[in-house]
Amino acid sequence: MWRARLVIGVNLCTGTSHLKHLKDALGTGQCNCKPNVCSGICNTCKEGYYNLQEQNYFGCQDHYFPDLHHLKFEIEEGTTLDGRPVRFGYSPVEFAGFSWRGYAQMSPIQTAVRLQVHVSEADVYLTRIILRYINSEGSTSNGKITAYQNSRRGSEQSKQIVFAPSVEPTFVNVPQNNFVEPFVLNPGTWTVVIEAEGILLDYLVLLPSAYYEAPILQMRVTDPCTYSTGYEASQNCLLYKYLSLDSFPSISGHDASCRYDNHQPRPCQMERITPRHPDMAICSGNDINVQLRGRLSSPGDSVLVVEYSSEEETPQTLAVTINTPGARAHQYTVTLVHCKYSFLCRAVAIDGQNRVAVLSVPADAGVQLISDRASFFLTPSNSLVLKDGQGTSVQEPILASPPDAPPLAPEHHYLADSPLWAGLDRPPNVADNAEHIRLDSQQNAAVYSTRVHSLEKYVFIIHYHQPLHPTYAVQVYINAGRIWQGQANASFCPHGYGCRNVQINLDVTDHEVFITVQIPDGKTLWLDYVMMVPERSFHHNYLKEEALDKSYDFISNCGQNSFYINPSTASPFCLSSAVSMSAFFNNGALPCACHEVGTESDTCDAFGGQCRCRANVIGRDCSMCATGYWGFPNCRPCNCGTRLCEPVTGDCICPPRTVLPECTQCEPQTFGCHPVVGCEVCNCSRPGVTTPDTSCDTQSGQCRCKDNIIGRQCERCASGFYGYPNCRACDCNEAGTEEDVCNSFTGQCLCKENVQGPRCDQCRVGTFHLYPTNPKGCTSCFCFGATDRCRSSLKRRTEAMDMKDWVLIGVDKQELPVVAYPGQDLVEADLSDVLDVYQDLHWHAPKAYLGDTVSSYGGYLRYRLHTQTMRGNTLSLPSEASRPDIILKGNQMTLVFMEREYSSPEEPHLGIVHMVEGSFRHAQTGYSVSREELMMVLVGLESLQIRALHSQSAHSVSLRAAVLEGARTLPVGRHANNVEICMCPANYLGDSCQNCRHNTAGEHCEVTVKRKSCTI
């Protein structure tokens, strides 16, 4: 029997979301919803859609997260410097997968293009510029990019570009070196000029620092580890741990019997769900009755705790019955929640008033778990019977992939002088490599001491591990001018990196501080350290874990291709991180806004937002025909042969200065036929061409120049010549001149900064050694400020090499074992036992390379690195993860050198570093290094480090034949002309006046040192 109800005369269809002309013709009242709308009255967006709108044909909008290249500008939409359209190609054979209408063709015809770029977000303030290009020339090509605002004087910024050879589309970052300042773009309209030749340019991307520095990828680890995210996995999760209940009586699950669906009881089936779980009884089905029996050594009032695992999403409530012989059975309940974790969960039995049930359990205990339907796993010791009041289910996390402790300011003090027995025993589950002091019944106290500079109020923080007990009190004694005695709680802490929830505030009135930590009998505690923080700088965040910083992982693993994230090939980490950053930068998802007639559907890609375009339709939103097609949205090929057509009418285009009617050849005295731009006028300079014929090459536009005359139009003298059109050679020393050598009209030599003389062949006073590759011509005398007069050395180059005492140190400052082979000039390290190979490993030079190395200036540091990779795994280090390859430290300065590129990982890497200021940058700021700064480092070189790693999957690393050149007086060898010999004042010694003469001292060697005479 059924009943129906008919409602007449009521229209519930929502006016904004139904198709008015498609109301159900049968009169049933069923609303006909727009494509992206659902529900009976068309008032709800379908899953994946949002923002219900009446004017939207589809009803609701689809949405997407922009990719990291969403600030993209098509170069073919720009202009040349004189305002004409850009010459662009559109052949997928020449440039596969080009974006939008085509790609700019940079050549002698078109050496520069100009784009208008609108910056609307303040977050783009610091940005890199990325260009997608092809360089099929087979050799490196140089270019330049300039950005400026017409409305702001002094806003111009220029940077060089190096286009590496590539026959496939690739990206280039500008700036290409991490130490070079990025572009600084204020909100507004910017003009960007790109200069290049022999390059095909697809598009330009503004990549803000919010993407290439990834500052928002700071996450706090809160999710527990599931079956699939245990210790071995790359995900970050918490592996929880309970206090041990092994000391309490229990009933084993091995002997449990299970009854299902009113069948006879039988032993429960056992299964191990993961290698880290124990064998557990499977309890799954209808009308479940699980019986457990055991004999307890100490019967009496107890609390029942169940250890289990459950894959059911919803909570399961089981009836618990305690069978006592000769007595009435008592019933309680226990609730099992979803527990698909890498650890076991616990549940406690409760009574009818939702209180923890106190059970009277006999020696021969019987426990039944009963349910109409359930599915769970019981551990072998599933029912733990605890003495009343002693049970606890306190649970604390152990970090499976933990972040480091918070960084501390230099003024914080770590109390030292720990006992000799420190570090002999490590806490369970410990994740750090620090030494720990174990306090127990044999040694129940530890004493720390330190000296502080400032007498003020301090906060004392104890960092400890306590994985064995519930919270207990420890005695703390502090002698800091005043005696303080009290207690601090050591709470349960199985965390792999320890805990810091103990703090004491105290006025320190003596520079010497002593602290004693003592535990009660029967307890165990591991101490890491005691830290003192001035109260004025203390923050409660010091007691919390630092957020897990994933920015370096993202830059290293996801930035190799200029942060272009391909959703079909990117790792889940890269894709999810990019989505997070995009959502933050763009304030959430953006509407797809697919063109209603240019698309095949109303949806777009969730990442990137590409709509599903109809055939021959282009654009993210599918809004126009591809180049060579017309009639949007039914785009069809132009019927014009090699010519293009109007995109609306299909009429064939006859570009300017072409021969009618075909319009495919240039008119006389023009060149470079292009289907849109047409042809350019030759405009050859008559005085500079070889014949009266002023025609030019029809492809390149190059006119026929006389000797020593250059330019497409033959309009100027070649470099090193002057007097156009009768160009003759400049009378100059080219080693001392600028690139143009001399003035193109007068012939006057153009000297470099430190060069003088009519021919630019003399060093200025205070400089020495004229050399062609020196951008200043001559090198400034340094002489440590003692004089400004010097000359080139007559010494010869020497080589310092000592391969016996090199050490390899990791990012945690730990020294790794190495093996030296002096006969082979080789030192090698096995990394097979290093947990995180992908880190900064540096070879540290021995004393033979350090000290006064002033004579190394102008010489070379040479070395050979080799990385032995896993078989079949040759992943090189990504350029975006580049780190300094050479580190020099001395006189409180740190200078770094970075390689432009590495050889493939399986090939040895030959490092050659020219020891001049142009090779180095300051480590902290990335600023360029002056000659004076480099000399100050070399005169007291304290550390020379060579980065050991140039592969992501190193099995071993080696360093061979590390040579640092110096200079000495020798009869033969390569001249060390770029080493200065200073004309030192009387009290100075050394080639650069770096030492004081015998019996003198002081900053200027002005103090006479008197020696005491000895009498016998």
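Residues numbered from 1 in each chain as written. Predicted model: local features only at pLDDT ≥ 70, side-chain atom pairs only at ≥ 80, totals over all residues. Heavy atoms only, no water.

Undergrad: Can you tell me about the overall build of the chain, naming the residues and giving the values?
TA: The helix and strand tally for the chain stands at four helices and 77 strands. A buried classification covers 46% of the 1016 residues belonging to the chain. Counting only contacts in the chain whose residues sit at least 6 apart along the sequence, the fraction spanning at least 24 positions is 66%. Surface summary for the chain: the accessible area is close to 51700 Å², and the carbon and sulfur share equals 49%. (Helix = DSSP H or I, 4+ residues; strand = E, 2+ residues; numbered from the N terminus. Buried < 20%, exposed > 50% of the residue type's maximum accessible area, 1.4 Å probe, protein only. Contact = heavy atoms within 4.5 Å. Areas by Shrake-Rupley, 256 points an atom, 1.4 Å probe, with all protein chains shown as cover.)

Undergrad: Now, about the confidence of the model for the chain: what can you tell me, with residues and values included?
TA: With 83% of its residues at a pLDDT of at least 70, the chain reaches an overall mean of 82. Contacts for the low-pLDDT stretch residues 380-412, under 50 throughout, to residues beyond four places or in other chains number 130 contacts. Per-residue pLDDT stays below 50 along residues 1010-1016; that stretch engages in two contacts with residues further than four places along the chain or on separate chains. (pLDDT = per-residue confidence, 0-100.)

Undergrad: I'd like a description of the packing of aromatic side chains, backed by residues and values.
TA: Tallied over the entire structure, the rule returns twelve aromatic pairs. Taken together, a centroid distance of 5.1 Å and an interplanar angle of 65° make the contact between W806 and Y849 edge-to-face. Pair noted here: W806 is in the loop between β60 (796-800) and β61 (807-809) and Y849 is in the loop between β65 (842-844) and β66 (860-869), with a separation of 43 residues, a long-range link. Accessibility assignment for this pair places W806 and Y849 in one class, buried. By way of ring pairs, the aromatic residues F95, F98 and Y103 are connected into one cluster. The ring of Y857 carries the charged tip of R931 above its face, separated from the ring centre by 4.5 Å. (Phe/Tyr/Trp six-rings, centres within 6.5 Å; stacked < 30°, edge-to-face > 60°. Lys NZ or Arg CZ within 6 Å of the ring centre and 35° of its normal.)

Undergrad: Can you lay out the pattern of salt bridges for me, pointing to particular residues and giving the numbers?
TA: Here the structure, examined in full by the defined rule, presents 22 salt bridges. Residue R789 is joined to D788 by a salt bridge in which the shortest nitrogen-to-oxygen separation is 3.8 Å. On the accessibility criterion, R789 (46% relative accessible area) is partly exposed. Under the relative-accessibility criterion, D788 is labelled partly exposed at 45%. One connected set of salt bridges, linked through shared partners, spans D82, R84, R87 and E680. (Salt bridge = Lys/Arg side-chain N within 4 Å of Asp/Glu carboxyl O.)

Undergrad: Describe the state of the cysteines, and please don't skip the residues or the numbers.
TA: With the rule as written, the count across this model stands at 24 disulfides. The disulfide partner of C640 is C652, and the S-S distance across this bridge is 2.0 Å. Across the S-S bond linking C640 and C652, the dihedral sits near -95°, which makes this disulfide left-handed. A residue pair is termed long-range when its members are at least 10 positions apart, and C640 in the loop between β46 (636-637) and β47 (670-674) and C652 in the loop between β46 and β47 qualify at twelve residues. Note on C652: relative accessible area 36%, which makes it partly exposed. The disulfide partner of C705 is C714, and the gap between their sulfur atoms is 2.0 Å. Between C705 and C714, the disulfide has an S-S torsion of -90° and is therefore left-handed. (Disulfide = S-S within 2.5 Å.)

Undergrad: Can you explain the side chain of R712? Please cite residues and give values.
TA: For R712, the position within the fold is in the loop between β49 (709-710) and β50 (716-717). It turns out R712 is buried and unbridged, and the closest side chain with the opposite charge, E715, is 7.1 Å from it. A polar contact of 2.7 Å, which involves the side chain of R712, links it to the backbone oxygen of G701. (Lys, Arg positive; Asp, Glu negative; His and termini not counted. Polar contact = N/O pair within 3.5 Å; in protein donor to acceptor, adjacent residues only side chain to side chain.)

Undergrad: Go over the pairing of strand β15 (residues 199-208), please, and point to the residues and values.
TA: Taking burial as the measure, the ten residues of β15 include ten buried ones, the bulk of the element. The pairing of strand β5 (residues 72-74) with β15 spans three bridges and is antiparallel. Its bridge partner being in β15, E74 is matched across the sheet by Y203. In this sheet, β15 lies alongside strand β7 (residues 103-106) in antiparallel orientation, the contact comprising three bridges. Along β15, the bridge assignment pairs A104 with L201. Here strand β9 (residues 126-135) pairs with β15 via eight bridges, running antiparallel. Paired with Y133 across the strands is L201, a residue of β15. (Pairing = 2+ DSSP bridges.)

Undergrad: Please provide a residue-by-residue account of the side chain of Q945, values included.
TA: Among the structural elements, Q945 can be located in strand β71 (residues 943-947). Owing to a relative accessible area of 8%, Q945 belongs among the buried residues under this scheme. Looking at Q945, its side chain comes within polar contact range of the side chain of S943, at 3.2 Å. Residues contacting Q945, with those up to four places away along its chain left out, are H842, W843, H844, D885, I886, I887 and K889.

Undergrad: Account for the sheet that holds β71, with residues named and values stated.
TA: Strand order in the open sheet formed by seven strands is β62-β61-β65-β71-β67-β68-β70, with antiparallel pairing between adjacent strands. The outermost strands of the open sheet, each flanked by one partner alone, are β62 (815-816) and β70 (921-922). For β65 and β71, the ladder comprises three bridges, and the chain directions are antiparallel. Along β71, the bridge assignment pairs H844 with Q945.

Undergrad: Provide a residue-level description of the packing of helix α2 (residues 551-558) against helix α3 (residues 572-585), including the pertinent values.
TA: One way to put it is that α2 packs onto α3 with a least axis distance of 10 Å and a crossing angle of 120°. One finds that α2 runs oblique with respect to α3. Classified by chirality, the crossing of α3 by α2 is left-handed. Seen from α2, the contacting residues are D553, F554, N557 and C558; seen from α3, they are F573, C574, S577, A578 and M581. (Axes fitted to C-alpha atoms, helices over the stretch in contact; angles between N-to-C directions. Parallel < 35°, antiparallel > 145°, perpendicular 65-115°, else oblique. Left-handed = near helix turned anticlockwise from the far one by under 90°.)

Undergrad: How would you explain α3 if you had to name every residue and give the values?
TA: End to end, α3 covers 20 Å across 14 residues, agreeing with the expected 20 Å (1.5 Å per residue, within 8%). Taken residue by residue, α3 has C574, S577, A578, M581, S582 and F585 as its buried positions. End-on view of α3: buried residues confined to an arc of 135°, all on one side of the axis. Seen from the buried face of α3, the exposed residues on the opposite side, beyond 90 degrees, are P572 and F584. Residues of α3 that are buried sit in contact with β15, α1 (209-212) and α2. The first or second residue beyond α3 is N587, which carries a positive phi of 60°. (Expected span 1.5 Å × (residues − 1). Arc of directions from axis to C-beta.)

Undergrad: Report on the pairing of strand β23 (residues 300-309), specifying residues and quantitative values.
TA: Of all ten residues in β23, eight are buried; the element is thus mostly enclosed. In this structure, β23 lies alongside strand β27 (residues 359-361), joined through three bridges in antiparallel fashion. Paired with S302 across the strands is L359, a residue of β27. Two strands pair when backbone bridges link them, and β23 and strand β26 (residues 345-348) are joined in this way by four bridges, in the antiparallel orientation. Among the inter-strand pairings, V305 is bridged to a residue of β26, identified as V348.

Undergrad: How would you sum up the sheet that holds strand β34 (residues 472-479)? Please name residues and give values.
TA: As summarised here, the arrangement of the four strands in space is β32-β37-β34-β35, forming an open sheet in which the pairing is antiparallel. A single partner strand is all that each edge strand has here, and the edge strands are β32 (445-451) and β35 (483-490). Neighbour to neighbour, the strand axes of the sheet diverge by 20° on average, direction disregarded.

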